[in-house]
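# Examining the three-dimensional arrangement
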Amino acid sequence: MSLYIKLKPKIQFSQLILVNCRHLVTKPIKPTAAAVDEDDEYTKEPQYPPILDLESKAIRLRNRQEWHDKIKNVKTIEEKLIGINMPRYYGFKSVMLNDHIFRYNSLPFFQHITRTQLVDAGLPDCYNNLNEKVDGLLGQVKSDVEDAVLFEYTVKHEKKSFQKPLDPETENRNRTLRVVRQIHRTLMNSLAADCPHLLEVDSDTDPRHEAFWFVGGIDPPKRIRNLRLNSWDKANADDPVNRSFQYVGKPLLTLRHEYPLESLMEFDNFSAEDISKVPEYRLDPATVGYATKHKHATTIPGFWPGCRQEFGLLSYHSRDHIPLRNAQHGQEDCQKAIHSQAIVSSYAWLLGQACYQGFSTYQDPTYPLSTQTIITDGQLWSFYLYQLNTTRLHIDAIENNPKVNQCWGTKEMKLFEQITEDGKLIGLNDDVLRNLMKFYINEPKQRAIDMKPYLGLDEQKIADIEHVERREFLQEKFNQLFSGRPRHKVVPEVYNWEKIYKIDHKTMPLVPRRRFFELGINPFRRTLDEHRLAYVPKALRPDDKKNREKFKKTYYPCKYEQKYIGYVSTFNRKLI
């Protein structure tokens, strides 16, 4: 049976979906660039709507690009960070990373998930320009550093009687932190007169560094592959997937400045040889030994939005996890673990700084960011310089991304050989002191470019919003997500007896279907804005009769629309 409808002149194009003879849906489509005048419904040349690819992959790609554009158009920093969390009410199932657990032979894995090219032949040649200035100040710094190290290694710190004994790793970390503090204090006092930028830095002890990003091109886990094989999407069962990564670290000490460090390499000139130096690791992260956890996407570079010193200058990290590694793996494995720690910690810190400039895992920074990283236990020191060039590592960009991140590093170096029983330091290494001084002398400079192109002009953080209700709502939501506290309701789970009797063997057919897995509902697909609205008592409602609303308004930055592809039923929903 055919059915025709005469469209009104104002509706130029319509999409007709004929379900059956009784149901007909019309959806207007926006006009093309060449709009038709209201007075004339005819044009000299025919105007047609764009022809879209209706394959499932193309539809998914358009949906993802639409979501990325929504995040890009958000004005403030906090709203962008909230917007990334919009697709998941209980958080993403992320691969958890930290700064003290590095599995055997995991360096290619960390290079792949950060798209980093590693050069471990030493620091770049640009640091040689500082040799003359370093040699002139080395004499007055050397004796002070020697006294500071001797004090921390020879003086016994008294412990209170009620304190419990600490494990060896924690004790070593505490001693390393004391040594780093003393050396930092010594260098700041000795170099501040000749390096004015050191007077403007902010120092943070044990800051909170967290970063969240997506990595594409990874083989699907067994569970995802089985789900695809049992659905209409069998042909794409082996297609790579997006995996979310969440880094949580705590450096010993960090230095921040108002201006960023200068970039060392050209930002846009990368060759195929540079990309080939980044190893591919497409296996499931579980093969390396890293577990997953449902957690909100949090990105924090050690400070909150609005701080003036928002660019990282230097960070100290502890290497006290190295003595706990298996001795059978050898010295080469320990060196690779140090490289992995420097890569992931530097990338996470720079990604957090980039997000505070308005960029994200969906939008690349328009200029490079650099930072200096030191990994030490007090005696052994490793120095690294990391330049962030790209953050778009998700499935739509990683295959065609011409940029790579770069890391230069040194082998481990001894600050001193040993400390005798009578309290003398033997073999103080001048090369370690020179590298330390170069990191402090390296001056950040202001750039004559727009540092925040994707943020608003008047509103760049929540505090700039004039609308009181919107500002309070966003600040409360931001604090709730970044506090790390779980939801007030327990995450739904399948109990063991349900797995045995209802799912695996189906021995309870007469029991009413009331549980979420029986109704085809996936609780982890719940979006952030799917919740009950807060009720407003009558006494607190405005007097205007037109505005007497019972519930408070919500001001989420962007709405995430869950789009289904293929057949959708009440009891078998396949969300793509």
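These notes cover the structure that comes with them. (Residues numbered from 1 in each chain as written. Predicted model: local features only at pLDDT ≥ 70, side-chain atom pairs only at ≥ 80, totals over all residues. Heavy atoms only, no water.)

## Describing the pattern of salt bridges
Using the criterion set out here, one finds 30 salt bridges in the structure. Among the ionic pairs, Arg-178 bridges to Glu-152, the shortest N-O distance being 3.3 Å. Separated by 26 residues along the polypeptide, Arg-178 in helix H5 (residues 168–191) and Glu-152 in helix H4 (residues 131–154) bring together distant segments of the chain. Between Arg-173 and Asp-206 there is a salt bridge whose closest N-O contact spans 3.4 Å. On the criterion of sequence distance, the pair formed by Arg-173 in helix H5 and Asp-206 in the loop between strand E5 (202–205) and strand E6 (209–218) is long-range, its members being 33 residues apart. Overall, the relative accessible area of 25% leaves Arg-173 in the partly exposed class. (Salt bridge = Lys/Arg side-chain N within 4 Å of Asp/Glu carboxyl O. Helix = DSSP H or I, 4+ residues; strand = E, 2+ residues; numbered from the N terminus. Buried < 20%, exposed > 50% of the residue type's maximum accessible area, 1.4 Å probe, protein only.)

## Some points on the nonpolar core
Leu-97, Phe-109, Trp-213 and Phe-245 are the most contacted members of the largest nonpolar core, which totals 70 residues. With 12 residues, helix H8 (residues 330–355) is the single largest residue contributor to this core. With sequence-adjacent residues up to four places away left out, Trp-213 is seen in contact with Leu-97, Ile-113, Thr-114, Arg-243, Ser-244, Phe-245, Tyr-247, Val-344, Tyr-347, Leu-351, Thr-361 and Leu-393. Val-149, Ile-183, Val-201 and Ile-441 belong to the second largest nonpolar core, which has 44 residues in total. (Core = buried A, V, L, I, M, F, W, Y, C linked by side-chain atoms within 4.5 Å. Contact = heavy atoms within 4.5 Å.)

## Overview of a nonpolar patch on the surface
Taken together, the side chains of Tyr-495, Trp-497, Ile-500 and Tyr-501 present a nonpolar region at the surface, about 420 Å² in accessible area. Here Tyr-501 shows up in helix H11 (residues 496–504). (Patch = residues over 30% accessible without salt bridge, like charges linked within 9 Å, V, L, I, M, F, W, Y side chains within 5 Å. Areas by Shrake-Rupley, 256 points an atom, 1.4 Å probe, with all protein chains shown as cover.)

## Notes on the pairing of strand E11 (residues 311–318)
Most of E11 is tucked away, with eight of its eight residues classed as buried. Relative to E11, strand E8 (residues 253–257) runs antiparallel, the two sharing five bridges. Considered in E11, the bridge of Arg-256 is made with Gly-312. Where E11 lies against strand E12 (residues 369–376), five bridges are found, and the strand directions are parallel. Pairing of His-317 across the sheet is with Ile-375, part of E12. Chirality of the crossover, the property in question, places the unit of E11, H8 and E12 among those that are right-handed. (Pairing = 2+ DSSP bridges. Right-handed = clockwise from strand over helix to strand, strands pointing away.)

## Here we look at helix H1 (residues 56–73)
Here H1 spans 26 Å end to end across 18 residues, near enough to the 26 Å set by a 1.5 Å rise per residue. Within H1, the full set of buried residues consists of Ser-56, Ala-58, Arg-60, Trp-67, His-68 and Ile-71. Here the buried face of H1 lies against helix H2 (77–84). (Expected span 1.5 Å × (residues − 1).)

## Some thoughts on the sheet that holds strand E7 (residues 241–249)
The strand order across the open sheet formed by five strands is E9-E3-E7-E6-E10, and the pairing between neighbours is mixed. The sheet is open, and its two borders are formed by strand E9 (292–295) and strand E10 (300–301), each paired with just one other strand. Helix H3 (residues 107–114) contacts strand E3 (92–98), E6 and E7 of the sheet and is inclined by roughly 90° relative to E6. (Axes fitted to C-alpha atoms, helices over the stretch in contact; angles between N-to-C directions.)

## So, the pairing of strand E14 (residues 405–409)
The buried fraction of E14 amounts to five of the five residues, a majority that puts the element mostly inside the structure. Both faces of E14 are covered, namely the face carrying Asn-405, Cys-407 and Gly-409 and the face carrying Gln-406 and Trp-408. The pairing of strand E4 (residues 116–119) with E14 spans four bridges and is classified as parallel. Along E14, the bridge assignment pairs Thr-116 with Asn-405. Sheet topology places strand E13 (residues 380–388) next to E14; four bridges connect them, and they run antiparallel. Considered in E14, the bridge of Gln-387 is made with Gln-406.

## A word on the packing of aromatic side chains
Per the stated rule, a full pass over the model turns up 29 aromatic pairs. Here the aromatic rings of Phe-92 and Phe-212 are separated by 5.2 Å at their centres, their planes lie at 35°, and the arrangement is tilted. With a gap of 120 residues between them, Phe-92 in strand E3 and Phe-212 in strand E6 connect regions that are remote in the sequence. For Phe-92, a relative accessible area of 9% gives the class buried. Residue Phe-212 is classed as buried on the basis of its relative accessible area, which comes to 3%. (Phe/Tyr/Trp six-rings, centres within 6.5 Å; stacked < 30°, edge-to-face > 60°.)

## Points about the packing of H4 against H5
It is at 9 Å that the axes of H4 and H5 come closest, and there the two elements cross at 155°. Accordingly, the angle class assigned to the pair H4 and H5 is roughly antiparallel. Considering how the two elements wind past one another, H4 and H5 form a crossing that is right-handed. Of the residues in H5, those touching H4 at Leu-137, Gln-140, Val-141, Asp-144, Val-145, Ala-148, Val-149, Phe-151, Glu-152 and Tyr-153 are Arg-175, Arg-178, Val-179, Gln-182, Ile-183, Thr-186, Leu-187, Ser-190 and Leu-191. Classifying every residue of the contact of H4 with H5 gives 11 nonpolar, four polar and four charged. (Parallel < 35°, antiparallel > 145°, perpendicular 65-115°, else oblique. Left-handed = near helix turned anticlockwise from the far one by under 90°. Nonpolar A, V, L, I, M, F, W, Y, C, P; charged D, E, K, R; others polar.)

## Side note on the packing of H5 against helix H9 (residues 430–441)
With their axes 11 Å apart at the nearest point, H5 and H9 run at an angle of 60° to one another. The angle between the axes of H5 and H9 places the two elements in the oblique class. Like other packed secondary-structure pairs, H5 and H9 cross with a definite hand, here right-handed. Together, Ile-183, His-184, Leu-187, Met-188 and Leu-191 of H5 and Leu-436, Met-437, Tyr-440 and Ile-441 of H9 make up the contact between the two elements. Here the residues of the contact of H5 with H9 sort into eight nonpolar, one polar and no charged.

## Comments concerning the environment of Gly-122
Mapped onto the elements of the fold, Gly-122 is located in the loop between E4 and H4. Relative accessible area serves as the criterion here: at 16%, Gly-122 is assigned to the buried category. Taking the C-alpha atoms as reference points, Gly-122 and Leu-385, separated by 263 residues in sequence, lie 9.6 Å from one another.

## Some remarks on the environment of Tyr-362
Mapped onto the elements of the fold, Tyr-362 is located in the loop between H8 and E12. Taking the C-alpha atoms as reference points, Tyr-362 and Trp-67, 295 residues apart in sequence, are found 9.4 Å from one another. When sequence neighbours within four positions are dropped, the list of residues in contact with Tyr-362 reads Trp-67, His-68, Ile-71, Ile-84, Phe-214, Arg-392 and His-394.

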